[in-house]
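Listed below, chain by chain, are the residues.
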Amino acid sequence: MTAEGGPRRFAAVTAAYPIQFAVSAAAVGLMVALAAWATRGRGAPPLDEAAARAWLADEFPGQTVEALWLADDGRGGVARSGDWALVLSRMGDGYAARRLPWSQALAAEPRNGRLTLRLADVAAPKAVLAMAAWPPRAVAG
Amino acid sequence: MMKAALDPVTLATPFFIATVILEIVLGRFGKLKARYETKDTAVSLVMGLVSSAAGLLTAGASFAAAVWIYQHRLFTIPMTAVWAWVLVFLLEDLTYYWFHRLSHERRFWWAAHVNHHSSQHYNLSTALRQTWTGGVAGTWALWLPLSLLGFPPAMVAIEKGISLVYQYWIHTEAIGRLPAPVEAVFNTPSHHRVHHARNPRYLDRNYAGILIVWDKMFGSFQPELDEEACRYGLVRNLGTFNVLRVAFHEWIGIAQDILRQPRHTLGWLFGPPGWSPDGSRDTSAKLKAEWAARQAVAPAPEREAA
């Protein structure tokens with residue numbers, strides 16, 4: 001098999017790879033810096049109730065949102081749908097959505113103005129929301 | 001480390017870098033449609049960078065397997081014949097279609113492929129968000145029959161590289177629809193946007209590499225519709241930019257499921273993504289059926305894209 005070009009070619013490719021990798025890594029740095037520059041000041045706006053409900057309708061079609069609490073900084077929220085808590089948390093300029101049992105969400109306690117909800121999902125381990133007051137007074141009684 | 005003498009991906013790397021830069025800059029000035037996000041871009045590019053190194057770990061074994069198979073070939077196909085290149089183009093592209101379909105429809109291979117779909121964005125950097133575990137998943141074995149037929153392994157490797165380079169430029173929102181004859185035959189940005197969309201209507205569609213005709217032949221084609229904008233990413237999007245979680249989350253999920261219910265090991269491994277013994281999770285088929293049921297009641301699009 002031959003189009004490999006034999007041991008000399010193999011050695012050349014092997015020697016060249018670290019250089020190729022290093023140049024590519026530098027290029028990655030440049031492209032990320034450019035992306036940061038290009039998106040400066042263009043972040044997603046804070047969630048309002050309408051936007052949050054629209055996201056939730058997309059993420060959990062068919063589930064009725066009975067009540068919705070937005071994070072203080074608009075970077076997410078928690079909704080109640082029957083026995084479930086539907087959670088939105090900001091990911092870049094989008095959102096990750098998960099649900100967890102309502103009782104579990106209710107039991108979470110904010111610390112230093114932040115509510116941490118454990119989502120039991122390796123792809124989204126937790127949602128950290130700026131919520132100084134939790135559980136909501138109306139729910140907590 | 002084994003590479004074909006002519007590696008289209010290596011040759012195209014400067015083109016990849018230049019066009020990503022161009023898309024970011026022109027997008028910034030509103031000259032074309034391109035949406036970037038810094039952390040998302042970083043994850044895509046780091047995934048691509050490390051993928052090139054990870055691929056080397058298994059490239060030797062997969063190439064050696066191809067060489068061994070080639071030594072037992074049925075025919076001897078010359079690398080210098082035009083007809084041989086036409087034939088390998090068609091057969092490689094057909095193989096890619098089935099590799100890609102398998103990678104979406106069975107969880108073991110989805111675990112290796114999912115990271116490519118994990119961005120909520122669709123731009124040229126998304127194309128570079130490549131797997132770290134594809135070699136371990138063993139899908140390279142699907143190309144071995146080409147060597148058994150008599151195509152030299154280097155020829156197959158070059159054709160695979162050409163396919164990968166082709167598929168780079170279709171990861172963009174900057175190009176709308178191309179002329180109808182092109183859209184009819186080739187995989188295009190429009191067709192591939194559908195493939196990356198998470199709208200139930202668009203799930204598990206358009207697996208093509210270069211020729212979209214395979215999807216039309218095998219019933220997996222879905223055109224992009226003006227009335228339903230693509231929403232990109234996973235059915236349940238990632239809640240982290242940690243590249244290790246991006247690369248390995250589905251593998252870890254499989255392991256957790258097997259440890260919890262070992263008697264369902266085969267289902268957890270080879271069922272469709274979202275399969276569970278009690279049906280409590282969402283497969284693409286289930287999501288599509290629920291969507292179709294909702295459409296029957298309220299046929300208008302449920303919501304404009306975000």
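Refer to the structure above for everything that follows.
Values in this document were obtained by computation on a predicted structure and should not be read as measured data.

Student: So what exactly am I meant to see when it comes to the sheet that holds strand β1 (residues 67–70) of chain A here?
Tutor: Neighbouring strands of a sheet are bound in pairs by backbone hydrogen bonds; such pairs are parallel or else antiparallel. All names here are of chain A. Read from one edge of the open sheet, four strands run β1-β2-β3-β4, paired in antiparallel fashion. Two strands in the sheet have a free side with no partner beyond their single neighbour: β1 and β4 (94–101). Neighbour-to-neighbour, the strand axes of the sheet open up by a mean angle of 20°, direction not taken into account. Across eight bridges, strand β3 (residues 84–91) lies against β4 in antiparallel orientation. Bridge assignment links R90 to a residue of β4, and that residue is Y95. Docked against the sheet, helix α2 (residues 49–59) engages β1, β2 (76–81), β3 and β4, running at close to 120° with respect to β1.

Student: Explain the packing of helix α2 (residues 38–70) of chain B against helix α12 (residues 243–260) of chain B here, please?
Tutor: Packed helices, taken two at a time, are described by their axes: the angle between them and the distance between them. All names here are of chain B. Where α2 meets α12, the closest approach of the two axes is 9 Å, and the angle between their N-to-C directions is 65°. One way to sum up the angle between α2 and α12 is to call them roughly perpendicular. Classified by chirality, the crossing of α12 by α2 is right-handed. Residues V43, V46 and M47 of α2 form the contact with α12, whose participating residues are V243, V246 and A247. The residue makeup of the contact of α2 with α12, split by class, is six nonpolar, no polar and no charged.

Student: When you look at empty space enclosed by the protein in this model, what are you seeing that I'm missing?
Tutor: Unfilled space is identified by rolling a water-sized probe across the atoms. For the structure shown, the criterion picks out one cavity of 30 Å³ or more. For the largest cavity, the calculated volume is near 110 Å³. Lining the largest cavity we find 15 residues, and of these A:M91, B:D40, B:S118, B:Q120 and B:F241 sit closest to its centre. For the lining of the largest cavity, the residue count by class is five nonpolar, six polar and four charged.

Student: What exactly am I supposed to notice about the pattern of salt bridges here?
Tutor: A side chain with one charge may pair with a side chain of the opposite charge, provided their charged atoms come close. Residues and elements named next belong to chain B. Scanning all chains against the criterion turns up 18 salt bridges over all chains. Between D226 and R177 there is a salt bridge, and its shortest N-O distance comes to 3.0 Å. Taken together, the residues D226 in the loop between α11 (213–218) and α12 and R177 in the loop between α8 (153–168) and α9 (180–185) connect sequence positions 49 residues apart. Accessibility expressed as a relative area gives 68% for D226, which makes it exposed. Here R260 ties to D257 by a salt bridge, and the two come within 2.4 Å at their closest N and O atoms. Taken together, the residues span about one helical turn, with R260 and D257 both in helix α12 at a distance of three residues.

Student: Any chance you could explain the pairing of β1(A) here in plain terms?
Tutor: The side chains of a regular strand alternate between the sheet's two faces. All names here are of chain A. Here β1 pairs with β2 via four bridges, running antiparallel. Among the inter-strand pairings, L68 is bridged to a residue of β2, identified as A79. The hairpin formed by β1 and β2 contains five residues between the paired strands, and G74 there has a positive phi angle of roughly 70°.

Student: Explanation requested: the environment of A:G41 in the structure shown.
Tutor: When you line up the elements, A:G41 lands in the loop between α1 (6–39) and α2. Distance in space between the C-alpha atoms of A:G41 and A:A52 is 22 Å, their sequence separation being 11 residues.

Student: Can you help me understand the environment of B:H195 in this one?
Tutor: Residues and elements named next belong to chain B. Relative to the helices and strands, H195 is located in helix α10 (residues 189–196). For H195, a relative accessible area of 4% gives the class buried. Distance from H195 to Y232, taken between C-alpha atoms, is 9.1 Å for residues 37 residues apart in sequence. With sequence-adjacent residues up to four places away left out, H195 is seen in contact with H100, H104, H113, H117, R205, N206 and Y207.

Student: Sorry if this is basic, but what is going on with α10(B) here?
Tutor: In an α-helix, one turn spans 3.6 residues; hence positions three or four apart end up facing the same way. Across the eight residues of α10(B), eight count as buried, placing the element largely inside the fold. On the buried face of α10(B), the contacting elements are α3 (82–105), α4 (107–113), α5 (124–127) and α9 of chain B.

Student: When you look at the interface of chain B and chain A in this model, what are you seeing that I'm missing?
Tutor: How big an interface is tends to be reported as the loss of accessible area on association of its parts. At the junction of the two partners, chain B supplies 53 residues and chain A supplies 42 residues. For the chain B and chain A pair, buried surface summed over both sides reaches about 4300 Å², with 65% attributable to carbon and sulfur atoms. Counting the contacts that link chain B with chain A gives four salt bridges. Residue B:R231 is joined to A:D58 by a salt bridge in which the shortest nitrogen-to-oxygen separation is 3.7 Å. Summed over the shared surface of chain B and chain A, the number is 13 residue pairs in polar contact (both at pLDDT 80 or more). Secondary-structure elements contributing two or more residues to the side of chain B that touches chain A are α1 (8–28), α2, α8 and α12 of chain B. Per element, the largest residue contribution to the side of chain B that touches chain A is 12 residues, and it comes from α2(B). A breakdown of the residues in the side of chain B that touches chain A according to their chemical character gives 29 nonpolar, 14 polar and 10 charged.

Student: Sorry, what's going on with the nonpolar core here?
Tutor: If you look at soluble globular proteins, the nonpolar side chains tend to sit buried side by side. B:V20, B:I24 and B:Y168 are the most contacted members of the largest nonpolar core, which has 21 residues in total. Counting only elements with at least two residues in this core, the list comes to α1 of chain A together with α1, α2, α5 and α8 of chain B. Residues in contact with B:I24, not counting those within four places in the same chain, are A:M31, A:L34, A:A35, A:A38 and B:Y36. Core analysis: the second largest hydrophobic core is formed by 17 residues, A:W69, A:A108, A:A127 and A:W134 among them.

Student: Looking at this model, I keep getting lost on α2(A). Mind explaining?
Tutor: Residues and elements named next belong to chain A. Among the residues making up α2, those that are buried are A52, W55, L56, D58 and E59. In an axial view of α2, the angular spread of the buried residues amounts to 160°, which keeps them on one side of the axis. Turning to α2, the residues buried within the fold contact β1, β2, β3 and β4.

Student: I keep staring at the packing of aromatic side chains and nothing clicks. Help me out?
Tutor: The geometry of an aromatic ring pair is captured by two quantities: the separation of the ring centres and the angle between the planes. All names here are of chain B. Considering all chains together, one arrives at 23 aromatic pairs over all chains under this definition. Ring-pair connections join several aromatic residues into one group, and the members of that group are Y97, W98, Y207 and F218. Geometry around F221 places K216 over its ring, the cationic atom sitting 4.9 Å from the centre.

How each quantity is defined
- Residues numbered from 1 in each chain as written.
- Chains lettered and ligands numbered in written order.
- Predicted model: local features only at pLDDT ≥ 70, side-chain atom pairs only at ≥ 80, totals over all residues.
- Heavy atoms only, no water.
- Pairing = 2+ DSSP bridges.
- Helix = DSSP H or I, 4+ residues; strand = E, 2+ residues; numbered from the N terminus.
- Axes fitted to C-alpha atoms, helices over the stretch in contact; angles between N-to-C directions.
- Contact = heavy atoms within 4.5 Å.
- Parallel < 35°, antiparallel > 145°, perpendicular 65-115°, else oblique.
- Left-handed = near helix turned anticlockwise from the far one by under 90°.
- Nonpolar A, V, L, I, M, F, W, Y, C, P; charged D, E, K, R; others polar.
- 1 Å grid on protein atoms, 1.4 Å probe; cavity = no way out; pocket = protein on both sides within 12 Å on 5 of 7 lines; lining within 4 Å.
- Points joined across faces, edges and corners; volume = space filled by probe spheres on them.
- Salt bridge = Lys/Arg side-chain N within 4 Å of Asp/Glu carboxyl O.
- Buried < 20%, exposed > 50% of the residue type's maximum accessible area, 1.4 Å probe, protein only.
- Buried area = accessible area lost by both parts, 1.4 Å probe.
- Polar contact = N/O pair within 3.5 Å; in protein donor to acceptor, adjacent residues only side chain to side chain.
- Core = buried A, V, L, I, M, F, W, Y, C linked by side-chain atoms within 4.5 Å.
- Arc of directions from axis to C-beta.
- Phe/Tyr/Trp six-rings, centres within 6.5 Å; stacked < 30°, edge-to-face > 60°.
- Lys NZ or Arg CZ within 6 Å of the ring centre and 35° of its normal.

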